[in-house]
Amino acid sequence: SEFIIVLKSFPQIRREKTNYFATIVVKSEIPTDFVASAQGEKLGHVFEDVVDGRFNGSVGTDIIQHFVTVIVQNEFQQEVWMRTHRTVIIEHAPTTILEAQDAVSLKMGNILSVVSVQQTHGKCMKLPKSILFEYECIITYNTQETTGSLDLFVGKLGPGSRMNLTLEYLDLLSRPDCLWGTGWLFTKFFQQFDVVVVYTKPGRKAKMNSVQRMTNAMSSGVVTVVQRTGVHELYVPSNYTCAFGSKASSLYNLLEHLAENPGMRRKCLIEANEIIDNKKLSVPAIIAKYEKVLRSVDL
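Counting of residues starts from 1 at the beginning of each chain's written sequence and follows it residue by residue. In keeping with the model being predicted, local features are shown solely for residues with a pLDDT of at least 70 and side-chain atom pairs are shown and tallied solely at 80 or more, while totals for entire chains, interfaces and linings include all residues. Neither water nor hydrogens contribute to the side-chain values; these are computed over all heavy atoms in the structure.

*Asks:* Looking at this structure, I do not really get the packing of aromatic side chains. What am I missing?
*Replies:* When we look at a pair of aromatic rings, we describe it by the centre distance and by the angle of the planes. Each Phe, Tyr or Trp ring (for Trp, its six-membered ring) is paired with any other whose centre lies within 6.5 Å, and the angle between the two planes then decides the class: stacked below 30 degrees, edge-to-face above 60, tilted in between. One pass over the structure, following the stated rule, counts nine aromatic pairs. Ring geometry for Tyr169 against Trp184: centres 6.3 Å apart, planes inclined by 80°, an arrangement best described as edge-to-face. In this pair, Tyr169 sits in helix α5 (residues 167–173) while Trp184 sits in helix α6 (residues 181–190), placing the two residues 15 residues apart along the sequence. A ring pair is formed by Phe186 and Phe189, whose centres lie 6.3 Å apart and whose planes are at 85°; its orientation type is edge-to-face. Here Phe186 and its partner Phe189 are both found in helix α6, three residues apart, which amounts to about one turn of the helix. As far as the burial class goes, Phe186 and Phe189 line up, both buried. In textbook terms, an aromatic cluster arises when at least three aromatic residues are bridged by ring pairs, as seen for Phe153, Phe186, Phe189, Phe190 and Phe193. The criterion is that NZ of a Lys, or CZ of an Arg, lies within 6 Å of the ring centre and within 35 degrees of the ring normal, and then a charge sits over that ring. Note that Lys207 overlies the ring of Phe76, its terminal NZ or CZ placed 4.6 Å from the centroid. Elements are defined by DSSP. Helices are runs of H or I of four residues or more, strands are runs of E of two residues or more, and each kind is numbered from the N terminus. Whether a residue is buried, partly exposed or exposed follows from its accessible area with a 1.4 Å probe, protein chains only, as a fraction of its type maximum: under 20%, in between, or over 50%, in that order.

Pasting the structure below:
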C-alpha cells in the first residue's frame with residue numbers, strides 16, 4: 001500500500017510490472033546454510049543494503065558473503081566495501097511524498113523560526129541569543145512503539161495547533177510499521193518553521209551515512225541549512241548559499257543573514273531543488289537507480 005501512495009504522489013514514475021531474479025536484503029546478512037539450500041537458489045542475485053554501516057570498519061566486511069553486491073550510500077562508504085565486494089551506490093530516497101512547497105514565511109520583519117531535529121546521540125551547536133531568529137534544537141529518543149518523534153509531532157501538529165491533528169492519528173502515523181506516515185508528519189512538522197538546520201552526524205557516521213535527513217528537509221520545501229562536512233561535502237556544492245562549517249559562528253552569522261534577507265532564503269530554496277535534481281536524489285531518480293541495477297541482473 002505504501003508503494004501505491006508513492007506512485008500517486010509521483011505520477012512521473014512509470015507504472016509497469018517487471019520481474020527481476022534478485023533479492024535485496026536491508027541491514028541483515030543471509031545465513032550461509034540458507035544460501036546453500038534449495039530455497040537459497042531462488043534468491044537470484046543478492047544485494048545487501050548496509051544502510052549507515054553497522055558492518056563497516058572495526059566490525060569487518062567479511063561478515064557478508066563474497067557473492068553479495070553491497071548497496072552503499074556514498075563514495076566514502078564505497079571505498080570501504082569495494083576492497084572485498086562488488087558495490088553500487090543507491091542513496092536512500094527522501095520520505096517526503098509531497099511536491100516541494102514554498103517555505104512558510106519569506107517576508108521581512110518576522111523573527112525567523114529555526115529548528116534542528118537530532119537523534120539520541122546527536123548534538124546541536126550552542127548559539128548566542130539573537131533578536132533576528134529563534135533557534136530550537138530537539139533530541140528524539142526511539143522506542144519499540146514509535147519512531148521517537150511522537151512528542152514533537154503532538155506539540156507542533158496535535159490538538160490546538162494549526163494542523164490540529166488528533167492524538168490517535170499522530171500515534172498511528174508515527175509508528176515504525178507505517179512507512180510513509182512519519183515522512184509525511186516530518187514534512188508537515190518542518191513546514192511549521194522557516195528554516196531547518198541539518199548537521200553532519202558525529203563520529204564515523206559523518207562519512208558512513210546517507211544524506212536522507214538533508215533530502216527530507218529540502219524536499220519539504222523549507223529553507224534547509226546544511227553543515228557542509230563529512231558526507232554532505234559529496235552532495236552540497238561549496239557555493240551553496242545555505243551551507244555552514246564546523247564553527248558555531250558560521251551557523252549563527254548565516255541565520256542572521258537569512259533573517260534579514262528573504263531573497264537569500266528564496267535562493268536557498270532554488271539551490272536545494274537543484275541539488276536534489278543534479279545529484280539524482282528525488283524519489284523517481286532513486287527508483288530509476290534501482291531499476292538500472294536490477295535490469296543488469298540476468299533473468
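*Asks:* Teacher, can you tell me more about the nonpolar core here?
*Replies:* Soluble globular proteins tend to pack their nonpolar side chains together in the buried interior. Phe189, Met214, Val225, Leu251, Leu255 and Leu258 are the most contacted members of the largest nonpolar core, which has 54 residues in total. Residues are treated as being in contact if the distance between any of their heavy atoms lies within 4.5 Å. Apart from residues no more than four positions distant in its own chain, Leu255 is found in contact with Leu112, Val114, Leu127, Phe133, Val195 and Val225. Take the buried residues of types Ala, Val, Leu, Ile, Met, Phe, Trp, Tyr and Cys, join any two whose side-chain atoms come within 4.5 Å, and each joined set is a nonpolar core.

*Asks:* Would you mind showing me how to read the sheet that holds strand β6 (residues 133–139) here?
*Replies:* The pairing of strands in a sheet happens through backbone hydrogen bonds and is either parallel or antiparallel. One open sheet accounts for five strands, arranged β6-β5-β7-β8-β9; its pairing is parallel. Single-partner strands in this sheet number two, and they are β6 and β9 (243–244). By this definition, two strands are paired if DSSP reports at least two bridges between them. Note: strand β5 (residues 112–118) against β6, seven bridges, orientation parallel. Note that in β6 the partner of Val114 across the bridge is Tyr135.

*Asks:* I tried to follow the sheet that holds strand β1 (residues 22–26) on my own but got confused; where do I start?
*Replies:* Spatially, β1-β2-β3-β4 is the arrangement adopted by the four strands of the open sheet, whose pairing is parallel. Each edge of the sheet is formed by a strand with only one pairing partner; in this case those strands are β1 and β4 (87–89). Here the average twist between neighbouring strands, direction ignored, is 25°. Pairing of strand β3 (residues 69–72) with β4, which is carried by three bridges, proceeds in the parallel orientation. Within β4, the residue paired with Ile71 across the bridge is Val88. Here helix α10 (residues 283–295) sits on the sheet in contact with β1, β2 (45–49), β3 and β4, set at roughly 150° to β2. For helices, the fitted axis covers only the stretch in contact; all axes are lines through C-alpha atoms, and the angles between them, taken along N-to-C directions, range from 0 to 180 degrees.

*Asks:* So what exactly am I meant to see when it comes to the pattern of salt bridges here?
*Replies:* Between side chains of opposite charge, a pair can form as their charged atoms come close. Throughout this description, the term salt bridge denotes a Lys or Arg side-chain nitrogen within 4 Å of a carboxyl oxygen of Asp or Glu. Enumeration over the complete set of coordinates arrives at one salt bridge. One salt bridge connects Glu91 with Lys289, and the closest N-O pair in it is separated by 2.5 Å. With a gap of 198 residues between them, Glu91 in the loop between β4 and β5 and Lys289 in helix α10 connect regions that are remote in the sequence. Note on Glu91: relative accessible area 5%, which makes it buried.

*Asks:* Honestly, the state of the cysteines in this entry has me stumped. Any pointers?
*Replies:* A covalent bond between the sulfur atoms of two cysteines is referred to as a disulfide. Two cysteine sulfur atoms make up a disulfide if the distance between them is within 2.5 Å. Tallying each qualifying case throughout the model produces two disulfides. Disulfide partner of Cys124: Cys137, at an S-S distance of 2.0 Å. Disulfide Cys124-Cys137: torsion about the S-S bond near 80°, hence right-handed. You can see Cys124 sitting in the loop between β5 and β6 and its partner Cys137 sitting in strand β6, a full 13 residues away along the chain. The disulfide that involves Cys242 links it to Cys268, with 2.1 Å between the sulfurs. Where Cys242 bonds to Cys268 through sulfur, the torsion about that S-S bond is close to 95°, and the disulfide is right-handed. On the criterion of sequence distance, the pair formed by Cys242 in the loop between β8 (223–227) and β9 and Cys268 in helix α9 (residues 262–278) is long-range, its members being 26 residues apart. Judged by its relative accessible area of 0%, Cys242 is buried.

*Asks:* I would appreciate a short explanation of unusual backbone geometry in the present structure.
*Replies:* Phi is mostly negative for residues that are not glycine, and the peptide bonds are mostly trans. Its identity is not glycine, yet Asn164 carries a phi of approximately 55°, on the positive side. Relative to the elements of secondary structure, Asn164 occurs in the loop between α4 (150–157) and α5. What makes Asn164 partly exposed here is its relative accessible area of 49%. A positive phi angle is found at Lys280, which is not glycine, with a value near 55°. Topologically, Lys280 is positioned in the loop between α9 and α10.

*Asks:* Help me out: how do you make sense of the packing of helix α7 (residues 212–219) against α9 in this one?
*Replies:* Between α7 and α9, whose axes approach to 10 Å, the crossing angle comes to 130°. Between α7 and α9, the angle is such that the two are oblique. Helix-helix and strand crossings are classified by hand; for α7 and α9 the assignment is left-handed. Contacts from Met214, Thr215, Met218 and Ser219 in α7 reach Ala272, Ile275 and Ile276 in α9. Three categories are distinguished: nonpolar for Ala, Val, Leu, Ile, Met, Phe, Trp, Tyr, Cys and Pro, charged for Asp, Glu, Lys and Arg, and polar for the others, with Gly belonging to the last. The residue inventory of the contact of α7 with α9, partitioned by class, reads five nonpolar, two polar and no charged. Small angles under 35 degrees read as roughly parallel and large ones over 145 as roughly antiparallel, with 65 to 115 read as roughly perpendicular and the rest as oblique. What makes a crossing left-handed is the near helix being turned counterclockwise from the far one by less than a right angle; a clockwise turn instead makes it right-handed.

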